[in-house]
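Residues per chain are reported as follows:
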Amino acid sequence: MLRSLFASGVLLAILGTSPIMLQAAEEKLLEASFETIEEQAAGTAVHWYMFGGWAHVNSWVDGYVAAEMKKRYDIDLTRVPMDAGVFVNKLLNEKAAGKQTGSIDLLWINGENFKNAKEAGLLFGPFASRLPNVQQYVDPNSVAFDFGYPVEGYEAPFGKAQFVFEYDSAAIDSPPRTLAALKTWIKAHPGRFTYPQPPDFTGSAFIRQVFYALTGGHEQYLQGFDRELFERQSPKLWDFLNALQPWLWQKGQTYPKNSASLDTLFSRGEVAFGMSYHPPHAQNKILEGSYPESVRTFVLEDGSIYNIHYTAIPFNAPNKAGAMVLANFLISVEAQLAKYRPQAWGDFPALDISRLSPADRKRFAEVDLGPATLSSAELDPVAVPEIPAAYLEALEQGWEEHVLH
Amino acid sequence: MKQLGVLLLLLVLFVLPVIVLGLTSLAPGWRFPDLWPRTFSLAGLDYLLKNQERILVSLGSSCLFSLMTVLTTCGMCLAPAAVFARFAFPGKTLLEGLLLTPALVPPMTFAMGLHFLFIKFSLSDTMPGVVLILSMFSYPYMFRALVAGFQNMGQEYEICARNLGAGNLRTLLSVELPLLLPALIAGGSVVFLVAFSEYFLVFLIGGGSVPSFTGTLFPLLSSSNRALASILTLVFLFVPVCLFLTLDTILVRVYRRRGLI
Amino acid sequence: MKSAKLLLRLSPLLIPYLILFCGGVFLTVGQSLGFLTPLPYTGGTFEAYTQLFSDPHFLASFLFSLQVALASALLSVTAGTLLAYWVWKLPQRLQTAAIVYKIPLILPHIAVAFVVLIFWSRSGIVASLAHSLGLIDAMQEFPNLLYSGWGLGMILAYSLKGTPFAMLLIMALLLRFDSRQIQAAYMLGASRLQTFFRVVLPRIAPAMQTGFIILFLYSFGAFDIPYLLSESRPGMLSVNVYNLYFKRDLARRPEAMAMLTFMFCFAVLLIVAYSKIVNRLEDAERKI
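Draft legend 1. Seen up close, the overall build of chain A. On a plain count of helices and strands, chain A comes out with 17 helices and 11 strands. For chain A, whose C-alpha radius of gyration is 22 Å, the value lies close to the compact-globule estimate of 22 Å for 405 residues. With respect to the principal axes defined by its C-alpha atoms, chain A has extents near 70 × 65 × 40 Å. Considering only intrachain contacts with a sequence separation of at least 6, the fraction spanning at least 24 residues in chain A is 83%.

What follows is the structure in structure tokens.
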């Protein structure tokens, strides 16, 4: 009775454009030559939804990318700030409501958000292999999996990240090099350490790194999610983090909401260590004037997570052609080089450097990453991959249950 | 002496923050324990200039949906407010109470329920959707102001105009509205401010497709570059103040010309 | 006037009210019971509520929200009353200058939260001031005001925004108040305090009550300030709803809606109780 009352009480039957017609147009787009796509995209507007917490990244997109898109392709780019989890949820809502024409053209995405979106059928594709720059410059093996989940061309590579810690060399002579040393340091300096609250990606990466280090490395997790293994291993992480809690900033009562909030605490000297997924991030902040000149970065010998981040197109993107042109431009040599410079952002290229022309290779080599950035000789030996996204979600949920509450 | 103390207190509470915002916007690296910034930089202003298009678009969009909200609430409330001011009917007090609740209960409670329906009816991610949702929780301010306005005006003018042969529309446009102007402006200013400074509802229903100034400002507030957030906050303060000052000047002029004051 | 015509003239307000407001609440309640959810719901009708009320964090969040709302509304109304009274007693010339109190009214909530962050964080202006005055030697000695688990940051922000609001309401009443009454009270030998409590306060009490209930309910359910200044735990209800709605599985939508329904019912109960109390007070006053 109640059910029928609700059903009849609300008018719900509104159908969008015929789904069959849309599907046909999409298939055509995936077969069209890229020149046709570029022609089709000229004079259109593209809405790119992306995490908006990093002012320097926003400036790079609003300035460099928008100007280039206008100049090269006559495309008007609008950046819309939104957390990845939030836009995936928005798309799920739209899918459930049967909305065939949405408002998002391109997403900045990876990891569990990509997996959730792809599993729920929220993504358009496969389109990545259609992009000329992906065909030419990207090593397909490097982008076959995203957090252990097959990509299958539903997202195009955009950049490469590796986790580093930041410290002020004027205040600390030699930072801890191992997790054990870090723990000792934290206990010796109450209130001077914290990490962003998962599911923020930087905070989430931090607890994952600790998880690897405490449970004997990442290798055991690579074969897909194993509930029993997780149940056995994760308590070690909770015990470790809970034991640290009384010595954290605000005694662990509060965690910074996202990595930008941690940057702020670090730049103002409230905590002694910053964290970033972008090794030249500290250099960028120094150049911007928010960090002191003496800030340097370091990694733990126990391992530093690296991953690739991507762009993807929603199933109901109003301008898929424009989104493909933008995704293609973002993985071009010019854009990757501009993004690599610490003045702009300092995000590592997702290109395979060996596929570039010698002249281009030289241009990458000549970028001055500054004194605060670690060299690849320091970064590469400790690099560890991501484990399947299901672990990440389990860790994030578990963190909330066992550590936060 | 005490008078100065009161004034000083007001200055510290309400003006000092603005001064500090001004300083912060010129000194991105200002940090503890400096009471005065060590270095100044124009990087924040540079950012403002570089991104002026985006900022202007969001500012314009915010102004537009706020003004449309003012108009919508005005349209919603004008006739009912006249009824409430002039007639007694059973259940009036209860109805008035009910009509005022949307401003009191947390707007999330009905907006999130509506969200799904708005998506279905293609109202989400559009300006009209944003205006509707903002009107729905800000109209009580307009309603209260207009009821008071009608009460102060009395019914004599309307009767007089009708006796002189004016029709419904004529009475409304040339007699009642000018007399209601102060009430309209009082209600309209509050509605404008409420709509202009709302972040969450615009984010929820606008979904990022309807640019808004709060939406532009929000991500910057937690970033380590406080200069940008400060400078945009100052712009935020500047626009409504300018708007109200212009409105005030125009009104005084209009009233003078008509010989009302 | 005939009731049909009356209804017609009320319709521009009644129709949107019924469709958007009542409809919105109806949908919230419906979704909390598992109807009309984006994903087909498999749980029982009241499962979301059972889950909610058995969760100790929910209770903690509710009490925390109450505490923040109560403290900020009390602080705003008290400060607003005193300031309004003092400003009102200023000579005309200085009253014009006192208009600066309207600045926070114009600033959006998120900007006020930002101001609180600049001033009161451990690396903020107040800490720097304490350092220059020699009160503290290092940042860590500055009292931990924001994120301390007491919601102080939010209380400060709400009060900075709420005080001018209360002032505005109270000033409106004071302007109609005849200042000769105060002189009369002084002449009859009343002290300053007595005059304030016996003569002025009763006159501005209605504005204080209205201000209190508006501010209380606003701080109880708003999202903007808590999102910037709330502790991670217990966390304000509105932030919990946001997280459930946007960051968790879509299948948990009924829980988010149940929380909203609870907030709605609480707000309505409070409004009803408030108007009953105010009516009784007014009746009592009339009898006297």
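Draft legend 2. Geometry of the overall build of chain C. The helix and strand tally for chain C stands at 13 helices and zero strands. Walking chain C from its N terminus toward its C terminus, one meets helices and strands in the order α-α-α-α-α-α-α-α-α-α-α-α-α. The buried share of chain C, reckoned over its 288 residues, is 45%. Considering only intrachain contacts with a sequence separation of at least 6, the fraction spanning at least 24 residues in chain C is 74%.

Draft legend 3. Expanded view of the domain arrangement of chain A. Residue and element names in this part refer to chain A. Assigned domains within chain A: domain 1 (20-157 + 309-366) and domain 2 (162-307 + 376-404). On a C-alpha basis, the centroid separation for the pair domain 1 and domain 2 is 28 Å. Each partner contributes to the interface: domain 1 provides 18 residues, whereas domain 2 provides 21 residues. Class assignment for the residues of the side of domain 1 that touches domain 2 results in six nonpolar, nine polar and three charged.

Draft legend 4. Up close: the interface of chain A and chain C. Every contact between the two is made by 22 residues of chain A and, on the other side, 19 residues of chain C. Within the residue set of the side of chain A that touches chain C, elements represented by two or more residues are α1 (2-9) and α5 (84-96) of chain A. No other element matches α5 of chain A, which puts six residues into the side of chain A that touches chain C. Grouping the amino acids of the side of chain A that touches chain C by side-chain chemistry returns nine nonpolar, 10 polar and three charged.

Draft legend 5. Region of interest: the sheet that holds strand β7 (residues 164-168) of chain A. All names here are of chain A. If you trace the three strands from one edge of the open sheet to the other, you get β8-β7-β9, paired in antiparallel fashion. Sheet topology places β8 (273-276) and β9 (295-298) at the edges, where each strand pairs with a single neighbour. When strand polarity is set aside, the average angle formed by the axes of neighbouring strands in this sheet is 30°. Sheet contacts for helix α11 (residues 259-267): β7 and β8; angle to β8, the most-contacted strand, approximately 150°. The strands touched by helix α12 (residues 281-288) within the sheet are β7, β8 and β9, with β9 carrying the most contacts at an inclination of about 170°.

Draft legend 6. Here's a closer look at the nonpolar core. The biggest cluster of nonpolar side chains holds 266 residues, and the ones touching the most others in it are L326 and I331 of chain A, C77 and L146 of chain B together with A113, V116 and A157 of chain C. Looking at which element gives the most residues to this core, the answer is helix α6 (residues 127-153) of chain B, with 15 residues. For this core, the two domains that each supply at least three residues are domain 1 (20-157 + 309-366) and domain 2 (162-307 + 376-404) of chain A. Not counting residues up to four positions away in its chain, the partners in contact with C77 of chain B are Y139, M142, F143 and L146 of chain B together with L13 of chain C. Counting five residues, the second-largest nonpolar core is a separate cluster that includes A282, I286, Y291 and A372 of chain A.

Draft legend 7. Focus on the interface of chain C and chain B. Listed as interface residues are 64 residues of chain C and, on the opposing side, 58 residues of chain B. A per-element tally of the side of chain C that touches chain B places helix α1 (residues 3-32) of chain C first, with 15 residues. Taken together, the residues of the side of chain C that touches chain B sort by class into 50 nonpolar, 12 polar and two charged.

Draft legend 8. Examining unusual backbone geometry more closely. All names here are of chain A. Across the junction of G125 and P126, the peptide omega takes the value 0°, indicating a cis bond. Tracing the backbone shows P126 in the loop between α6 (111-119) and α7 (132-137). Residue P199 follows P198 across a cis peptide bond; omega there is 15°. Phi is positive for D74, which is not a glycine, with a value near 55°. At E152, a residue that is not glycine, the phi angle is positive and equals roughly 50°. Turning to its location among the elements, E152 is positioned in the loop between β5 (149-150) and β6 (156-162).

Draft legend 9. Representation of helix α14 (residues 333-340) of chain A in the model. All names here are of chain A. All of the buried residues in α14 are A335, Q336, K339 and Y340. Projected down its long axis, α14 shows its buried positions confined to an angular sector of 135°, all on one face. Looking at the buried positions of α14, the neighbouring elements they touch are α4 (55-73), β6, α13 (320-330) and α15 (358-366).

Draft legend 10. Looking closely at the pairing of β7 of chain A. Residues and elements named next belong to chain A. By the criterion of burial, β7 is predominantly enclosed, with five of the five residues buried. Taking every second residue as pointing to the same face, both faces of β7 are buried, with V164, E166 and D168 on one and F165 and Y167 on the other. Two elements, β7 and β8, share four bridges in a ladder whose sense is antiparallel. Bridge pairing in β8 links F165 to M275. Both β7 and β9 contribute to a ladder of four bridges, which runs antiparallel. Note that in β9 the partner of Y167 across the bridge is R296.

Draft legend 11. Spatial organisation of the pairing of strand β2 (residues 76-81) of chain A. Pairing between strand β1 (residues 45-50) of chain A and β2 of chain A: six bridges, direction parallel. Bridge pairing in β2 of chain A places M50 of chain A opposite P81 of chain A.

Draft legend 12. Representation of the packing of helix α9 (residues 201-215) of chain A against helix α10 (residues 227-244) of chain A within the structure. All names here are of chain A. Here α9 crosses α10 at 115°, and the two axes come no closer than 9 Å. As for the relative orientation of α9 and α10, their crossing is right-handed in sense. Contacts between α9 and α10 involve I207, V210, F211, L214 and T215 on the former and, on the latter, Q233, K236, L237, F240 and L241. Here the residues of the contact of α9 with α10 are counted per class, giving seven nonpolar, two polar and one charged.

Draft legend 13. Spotlight on the environment of S122 of chain B. Looking at the element boundaries, S122 of chain B is found in the loop between α5 (108-120) and α6. Along the primary structure S122 of chain B and V190 of chain B are separated by 68 residues, whereas in three dimensions their C-alpha atoms are 29 Å apart.

Draft legend 14. Molecular detail of the confidence of the model for chain C. All names here are of chain C. For chain C, mean pLDDT is 88; residues scoring 70 or higher make up 98% of the total. Per-element mean pLDDT across chain C ranges from 82 in helix α4 (residues 92-97) up to 93 in helix α3 (residues 56-89). Here the complex is predicted with pTM 0.86, and the ipTM for its interfaces comes to 0.87.

Draft legend 15. Molecular detail of the confidence of the model for chain A. For chain A, per-residue confidence averages 90 on the pLDDT scale, and residues scoring 70 or more make up 94% of the total. Note that pLDDT drops below 50 for residues 1-17 of chain A; the model gives that stretch 15 contacts with residues more than four away or on any other chain.

Draft legend 16. Structural context of the packing of helix α3 (residues 52-86) of chain B against helix α8 (residues 168-197) of chain B. Residues and elements named next belong to chain B. Close contact between α3 and α8 brings their axes to 9 Å; oriented N to C, the two are set at 135°. On the basis of their axis angle, the class for α3 and α8 is oblique. The handedness of the crossing between α3 and α8 is right-handed. On the side of α3, the interface is formed by S62, F65, S66, T69, V70, T73 and C74, while α8 contributes L184, G188, V191, F192, A195 and F196. Here the residues of the contact of α3 with α8 sort into eight nonpolar, five polar and no charged.

Draft legend 17. Structural context of the environment of L351 of chain A. Note that L351 of chain A resides in the loop between α14 and α15. Counting along the chain gives 191 residues from L351 of chain A to K160 of chain A, while the straight-line C-alpha distance between them is 8.8 Å.

Draft legend 18. Seen up close, the environment of A84 of chain C. Residues and elements named next belong to chain C. Along the chain, the position of A84 falls in helix α3. For A84, a count of 27 C-beta atoms within 10 Å translates into the label buried. Remark: the alpha-carbon pair of A84 and A172, spanning 88 residues in sequence, is separated by 9.5 Å. Ignoring any residue separated from it by four or fewer positions in sequence, one finds A84 in contact with M167, I170, M171 and L174.

Thresholds, definitions, all that
Residues numbered from 1 in each chain as written. Chains lettered and ligands numbered in written order. Predicted model: local features only at pLDDT ≥ 70, side-chain atom pairs only at ≥ 80, totals over all residues. Helix = DSSP H or I, 4+ residues; strand = E, 2+ residues; numbered from the N terminus. Rg over C-alpha atoms; globule rule 2.2 N^0.38 Å. Contact = placed C-beta atoms within 7 Å. Buried ≥ 20, exposed ≤ 12 C-beta atoms within 10 Å, placed from the backbone. Domains from an automatic or database assignment. Nonpolar A, V, L, I, M, F, W, Y, C, P; charged D, E, K, R; others polar. Pairing = 2+ DSSP bridges. Axes fitted to C-alpha atoms, helices over the stretch in contact; angles between N-to-C directions. Core = buried A, V, L, I, M, F, W, Y, C linked by C-beta atoms within 7 Å. Arc of directions from axis to C-beta. Left-handed = near helix turned anticlockwise from the far one by under 90°. pLDDT = per-residue confidence, 0-100. Parallel < 35°, antiparallel > 145°, perpendicular 65-115°, else oblique.

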